[in-house]
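# Structural overview for review
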Amino acid sequence: MSTRLATGGRLLNTDKPVNFAFNGKQMRGYEGDTLASALLANDQMLMGRSFKYHRPRGVVASGAEEPNGLVNLGSEGKFEPNQRVTTTEIFEGLEATSQNHWPSLEFDVGAINKHLSRFLPAGFYYKMFMYPRAAWKHVYEPIIRHSAGLGKAPKTTDVDTYEHFYAFCDVLVVGGGVAGLEAARTAGRSGAKVLLLEQTEHWGGRAPVDGGTVDGKPAAEFVDDLVAELQGMDNVQMRSRTMGAGVYDHGYVLGYERLTDHAPQKSGPRHRLWRIRAGHVITATGAIERPLSFAGNDIPGVMLAAAVRDYVVNWGVSIGDRTVVVTNNDNAYLTAIALKHAGLDVPAILDARVLPQDSMLMEQAKALGIRVMMGHAIASVKGGKRVTGVTVCSQAGEGAALEEIACDAVAMSGGWSPVVHLWSHCGGKLRWDTAQACFSPDLDNAPKGADGMGFVTPAGAASGMFPLDDVLCDAHAAADGVVTSLGFKLPKDVTAPSAERREEAPMAPVWLMPQGASVKLREKTWLDYQNDVKVSDVRLAAQEGFVSVEHAKRYTTLGMATDQGKLSNINGLATLAGALDADIPTVGTTTFRPPYHPISMASIGGEARGPVFQPIRRTPMHDWHEANGAEFEPVGQWRRPYAFKRGSESTHDAVNREVKNTRTNMGLLDASTLGKIIVKGPDAGKFLDMLYTNMMSTLKPGKCRYGLMCSENGFLIDDGVVARVDEDTWLCHTTTGGAETIHGHMEEWLQTEWWDWDVYVANVTEQYAQVAVVGPNARKCLEKLGGTDVSKDALGFMEWVDGELGGFKCRIYRISFSGELSYEIAVDASHGQAFWDALMVAGNDLGVMPYGTECLHILRAEKGFIMIGDETDGTVIPQDLGLHWALSKKKEDYLGKRAQERSHMADPTRWKLVGLETTDGSTLPDGAYAVGEGTNANGQRNMIGRVTSTYHSANLDRGIAMGLVLNGPDRMGEVIDFPGTDGKTYHARIVDPVFYDKEGEKQNV
Amino acid sequence: MLILTCPVCGVTAEETEFHAAGEAHLKRFGPGSTDDEFESYLFMRANPKGVHFERWRHNNGCGKWFHVARDTTTLEVFTSYSAQTVSPPQEVLDLIEDRRPGWSKGSGA
Amino acid sequence: MSEPVTALNNASETNGIAAIRELGPLGMITLRGDLSAAYLRTLTTKLTGVKFPDVRECHSEGENGLAWMSPDELLVMCSYAQANDHVARMSEALSGKHALVANVSDARAVFEVKGPHARDVIAKLAPVDLTPEGFTPGMFRRSRMAQVPAAFWMRDAETFQIICFRSVAQYMFDLLKIAAQPGSEVGHF
């Protein structure tokens, strides 16, 4: 059984017990425990079930690379699935539940799959679920959906908050092991601004566990001194619990800081996503130990050798009383020695190598009385939910049992792989290191930054340097090179620390144990624990022609789980290479993509959730609208009242009331959102003549003109009323959505094409609150306010004047988008609400009602006025809409003119704007298409038109619509068919688009 | 995510402050141009693998337009320069020649 | 005429790691013209009593100030009551010259973020180097804060002033409140 030892545990504070629960069972650990070490201390080796076969699985590793130990953490608003036990620090009250089993962890029905494993080989879902076709929807998919997925998806809203943080530094060091610390110190001493990130809560990485001496001090003491030195440097910032998650173009790095995961009672955000720009990135990300491939290597109790060592040294946890060590390198001997020192039994070290002479570590192990069996291997591991023993064989053979050794733990080491992920994220290339059988950064092919030079440098184990002295020298040299390239200089007295060299015998690559393992053994030999990929699966993939590593990965799902194959990749590649009879570098690696380790989705969103998910733009009268029954509709980022509902009225009724009232009495519309752009300068007239299809330079000061704007493609992009302010100043109104884009459009042409024209533009949209006062009583209302003369003679249609109304300084435009007597009045935004209030009071006995955008739409549609975005969709030109009168014939050029001469634009068969009236008075469905005679090449009925705007007109008491119809204007009176999606076909007569007050008498009063 | 330097206000900032707007140095053709000229102006765009000249705007900043010479494969930014130019200035071409000897416009790399 | 009302009626929040409040109403005038011209520099420095800003600088004193927006745009700051008068005086002084003067006092919202952790708050929202070496009082930066354009400068070592569009004042205030939530000190600067 696994248990807590009486002594040891350098990271524990045994004075502080911590209570937590696993699957409802109360357990106790200590401050400093990870959930993994605490569970192991409570003999909870079984932590979860595998994805495909639901095999019992225990923890394998002690860090971020852990594939098996995934649990659900917390509950309700703090529930989160797939959390790694090895990276979860325990806290008082922590609640964890295991995943991927039913009904219980101990007894799982899904484990039946393991007996079906011969029917579930690689790519089984491609093969099994093909036929019969109908079975997919009704049989296979429901079953797969029920069993798929690891943890449960959260059901309630996350109660935590998250944030981003933008940081800038000269040198970013990722990894707080000895290499990272040394690199940070060296870089720091040059004066460069340094940021050092460490994913765990502890500094020093493996060094304090693995021992050795540096500058005459034990490694742990060296680390403490180094950390203290760094903390004293003003230009060095250190962040623990912060993972370097991804490296991106031009020195952009994401850091993932976990602020309250270990202490949920703390206030403040849970995670902080650091968005770092670094002059240079040093990846001191260390290395990950590889498992060995032998039968039964997934049985709980089989762990990485270094992890076994970590649990003993860091957390005082024994994985078992009797641990067999199996290895292809010297490093695992440290585990055997550490276990012996902790008073535990190591019945044997099975070393796959055959060496001419013993190395230092081998001698040490032997001196401790450990039986070292060279050239030996594990044929298979005995046990179900727990290791009970191993069968020993010769590595060179096919697995014939030589003896059985009873044990309750196996510590395995297949060598070490540098963590090259961050180096590779942005294009760093790798080279195969034959001596250490691993991929290391190819320093000649670093990821390139904005200046075309490499911006990532690996240091220490991440660059393939494993002995402590090499790690420190490499880290020092890397940092020296980096700061020099950035223009900093190291003081002369700065040298690399020197570590005592521990001579080691070379490792020997072992990709399968034993070398000639039979099919039967290979079928129990796991490569990818989380996704249940075995050696036999990869061989099958190769046999079936998936020879590209990327294809084999997807076919077998090797490395596609949440651990992204940190343990399985190299073994998988080697297995594929073996099956293809190719060498490993030829097979190559799959692509390393960020993030290095899963990060929370919420941290990516940062602050952007709830009320600040996106900016909402509000007019100065927004609060009034909200308090007065407004139902809002989004128009770009603006929220405009769609209608103002009274009492229990339906939205439809409210709209009808507003429509009728505005035509009978008067209405107020908040028109503040319309764009307002000042265009000024000696060349302003010339400029506007280029921008608008009609002539603006001839407009007289004090007058307004409706104008159209097209893109160079000829298509309509915006419209609005232009007012001439004085000799060289115009004020252009745009649509609500168009203010920023049209302002940008103007700046673009002025800066990039006509930069010698003297024109300035300024977007003053938000300076003004603008109110449309519309209806027969509009003038009376303004006269009641008093001030500027707004009579028919003083202020004619399409004129404007600066003046004063009711004491408000304002600009009054006599324009109409409804066909009614109408004024648009602009006041400074800070007075907008007061002005609106004054209008409501003045209009009180004149029947004033506020109206929303739906009423606005109906009023304009009754008059046949087009709306950008309804009648236009980016493919419509003014000629389609019968707006020839707004296309200047006098001008040689305007934006879009040349395009409108292109053959397709001048084609007489382009659909043209007409009015549409259903024969039964009903309202046409929006966007409906009209069908004509015959069918097209696909056998579909030919289309001859479509509805662009359609409303129920309360004033006319019937449906009215506009649409674009083939030869429409020539077909007045003809009835055409619009099949609806409701099964009904609508019959509509082609009519003039002006439905109401054709003579325009109502606005000319 | 790229970093660019706005030559107008001098700010070096990340891409989110800027807006990319395609190929630079297009010559405008208006009324009176042939269909071919107009088609090439409106639609035909270079899409080189390598050196490219682009239009950018510092929209979350000083609001000014500028040009950028960069490599579309390595993402190396050679330099940014004035939008008020009809072709890349000689010093820009020299800079690129220095980084990509033998390069010529239209040759891609 | 009514009393001018700012977008948020001078809302404030002081429970977080920095004090946030909406300022104003304040006078702001956009001046587009040739910023290198002596007539323009003399005119604006005389009106505001502050030094003319160099590229990406802002000089401010009380409600008066000048901020460099772009090579042909200056933001002139003054009291709200003075703005219209200033516009008239500038327009008159610049008549015959190619320039554009517009009162934009009501088009903007202005916020103050104050306290020893003010830098933290801004650095959570703007992709700008806010280290004490990288950003100092007197510098003026136009950038974005989360999803909206904004400009900011430091009045002193612990005080930022932010200008954004009026319509997004609520968004900006909410953003700042979240970025300044209690317990969210970064400790980086």
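Everything below is about the structure shown above.
Treat the numbers as computed from the prediction; the structure is a model and nothing was measured.

This part covers the packing of helix 5 (residues 178–189) of chain A against helix 7 (residues 219–231) of chain A. All names here are of chain A. Interaxial distance between helix 5 and helix 7 falls to 10 Å at its minimum, and their mutual angle equals 35°. The chirality of how helix 5 crosses helix 7 is left-handed. Counted together, Val178, Leu181, Glu182, Ala184, Arg185 and Arg189 of helix 5 and Phe222, Val223, Leu226, Val227, Glu229 and Leu230 of helix 7 form the full contact between these two elements. In the contact of helix 5 with helix 7, the residues fall into eight nonpolar, no polar and four charged.

This brings us to the side chain of Ser818 of chain A. All names here are of chain A. With respect to the element layout, Ser818 can be found in the loop between strand 43 (808–814) and strand 44 (822–828). Taking relative accessible area as the criterion, Ser818 reaches 3% and is therefore assigned buried. When near neighbours in sequence (up to four residues on either side) are disregarded, Ser818 contacts Arg663, Val774, Leu859, Lys863 and Phe865.

Let us look at the sheet that holds strand 3 (residues 26–32) of chain C. Adjacent strands of a sheet form backbone hydrogen bonds with each other and so pair up, either parallel or antiparallel. All names here are of chain C. Ordered by their spatial adjacency, five strands build an open sheet running 4-5-6-3-7, and the pairing between neighbours is antiparallel. Strand pairing shows two members of the sheet lacking a second neighbour, strand 4 (58–61) and strand 7 (100–103), which therefore form its edges. Each adjacent strand pair in this sheet contributes to an overall mean axis angle of 20°, direction not counted. In terms of strand pairing, strand 5 (residues 64–70) meets strand 6 (residues 73–79) through five bridges, oriented antiparallel. Note that in strand 6 the partner of Gly65 across the bridge is Met77.

Our focus in this paragraph is the interface of chain A and chain C. At the interface, 50 residues of chain A touch 53 residues of chain C. Between chain A and chain C, a total of about 4300 Å² is buried, with carbon and sulfur atoms accounting for 56% of that surface. Interface area lost by chain A to chain C is led by Tyr166, Tyr760 and Ser830 of chain A, which between them contribute 18%. The interface formed by chain A and chain C includes four salt bridges.

A contiguous patch of negative charge on the surface is contributed by Glu91, Asp94, Glu97 and Asp98 of chain B. Along the polypeptide, Glu97 of chain B turns up in helix 2 (residues 90–99).

This next bit is on the packing of helix 8 (residues 305–315) of chain A against helix 9 (residues 333–341) of chain A. All names here are of chain A. Where helix 8 contacts helix 9, the axes come no closer than 8 Å and their chain directions differ by 30°. The orientation of helix 8 with respect to helix 9, classified from their angle, is roughly parallel. Considering only the axes of helix 8 and helix 9, their crossing is left-handed. Together, Ala305, Ala306, Val308, Arg309, Val312 and Val313 of helix 8 and Leu334, Thr335, Ala338 and Leu339 of helix 9 make up the contact between the two elements.

Residues spaced three or four apart along an α-helix face the same direction, because each turn holds 3.6 residues. Residues and elements named next belong to chain A. The buried fraction of helix 8 amounts to ten of the eleven residues, a majority that puts the element mostly inside the structure. Looking at helix 8, one finds that the buried residues are Ala305, Ala306, Ala307, Val308, Arg309, Asp310, Tyr311, Val312, Asn314 and Trp315. The positive-phi residue at the C-terminal boundary of helix 8 is Gly316, with phi of around 55°.

Once that is clear, we can look at the pairing of strand 40 (residues 760–763) of chain A. All names here are of chain A. Burial of the side chains of strand 40 extends over both faces: Tyr760 and Ala762 are buried on one face and Val761 and Asn763 on the other. Pairing between strand 36 (residues 675–680) and strand 40: four bridges, direction antiparallel. Counterpart to Ile677 in the pairing with strand 40 is Asn763.

With 15 residues of chain C in contact, the opposing surface of chain B contributes 13 residues. Taken together, both faces of the contact between chain C and chain B bury some 980 Å²; the carbon and sulfur share is 49%. In this assembly, chain C and chain B are joined by three salt bridges. At the junction of chain C with chain B, the criterion picks out seven residue pairs in polar contact (both at pLDDT 80 or more). Those elements that place two or more of their residues in the side of chain C that touches chain B are strand 5 and strand 9 (140–145) of chain C. It is strand 9 of chain C that contributes the most residues to the side of chain C that touches chain B, four residues altogether. Here the side of chain C that touches chain B is composed, by residue class, of seven nonpolar, two polar and six charged.

For the structure shown, the criterion picks out 23 aromatic pairs over all chains. On the basis of an interplanar angle of 65° and a centroid distance of 6.1 Å, the ring pair of Phe152 of chain C and Phe160 of chain C is categorised as edge-to-face. Judged by its relative accessible area of 0%, Phe152 of chain C is buried. An aromatic cluster is defined as three or more aromatic residues linked by ring pairs; in this entry it consists of Phe687, Trp749, Trp754 and Trp757 of chain A. Its end group placed over the ring of Tyr996 of chain A, Arg663 of chain A keeps NZ or CZ at 4.1 Å from the ring centre.

This part is about unusual backbone geometry. The amide bond that connects Pro594 of chain A to the next residue, Pro595 of chain A, takes the cis arrangement and shows omega of -5°. In this structure, Pro595 of chain A sits in the loop between helix 17 (584–587) and helix 18 (601–605). At the junction of Gly24 of chain C and Pro25 of chain C, the peptide bond is cis and its omega measures out at 5° in the coordinates. Along the chain, Pro25 of chain C falls in the loop between strand 2 (19–23) and strand 3. Unlike most non-glycine residues, Asn82 of chain A shows phi in positive territory, near 60°. For Asn82 of chain A, the position within the fold is in strand 7 (residues 80–84). Here the phi dihedral of Asp997 of chain A falls at roughly 50°; this positive angle occurs in a residue that is not glycine. Mapped onto the secondary structure, Asp997 of chain A falls in the segment after strand 51 (985–991).

Cut-offs and rules
Residues numbered from 1 in each chain as written. Chains lettered and ligands numbered in written order. Predicted model: local features only at pLDDT ≥ 70, side-chain atom pairs only at ≥ 80, totals over all residues. Heavy atoms only, no water. Axes fitted to C-alpha atoms, helices over the stretch in contact; angles between N-to-C directions. Helix = DSSP H or I, 4+ residues; strand = E, 2+ residues; numbered from the N terminus. Left-handed = near helix turned anticlockwise from the far one by under 90°. Contact = heavy atoms within 4.5 Å. Nonpolar A, V, L, I, M, F, W, Y, C, P; charged D, E, K, R; others polar. Buried < 20%, exposed > 50% of the residue type's maximum accessible area, 1.4 Å probe, protein only. Pairing = 2+ DSSP bridges. Buried area = accessible area lost by both parts, 1.4 Å probe. Salt bridge = Lys/Arg side-chain N within 4 Å of Asp/Glu carboxyl O. Patch = residues over 30% accessible without salt bridge, like charges linked within 9 Å, V, L, I, M, F, W, Y side chains within 5 Å. Areas by Shrake-Rupley, 256 points an atom, 1.4 Å probe, with all protein chains shown as cover. Lys, Arg positive; Asp, Glu negative; His and termini not counted. Charge placed at Lys NZ, Arg CZ, Asp CG, Glu CD. Parallel < 35°, antiparallel > 145°, perpendicular 65-115°, else oblique. Polar contact = N/O pair within 3.5 Å; in protein donor to acceptor, adjacent residues only side chain to side chain. Phe/Tyr/Trp six-rings, centres within 6.5 Å; stacked < 30°, edge-to-face > 60°. Lys NZ or Arg CZ within 6 Å of the ring centre and 35° of its normal.

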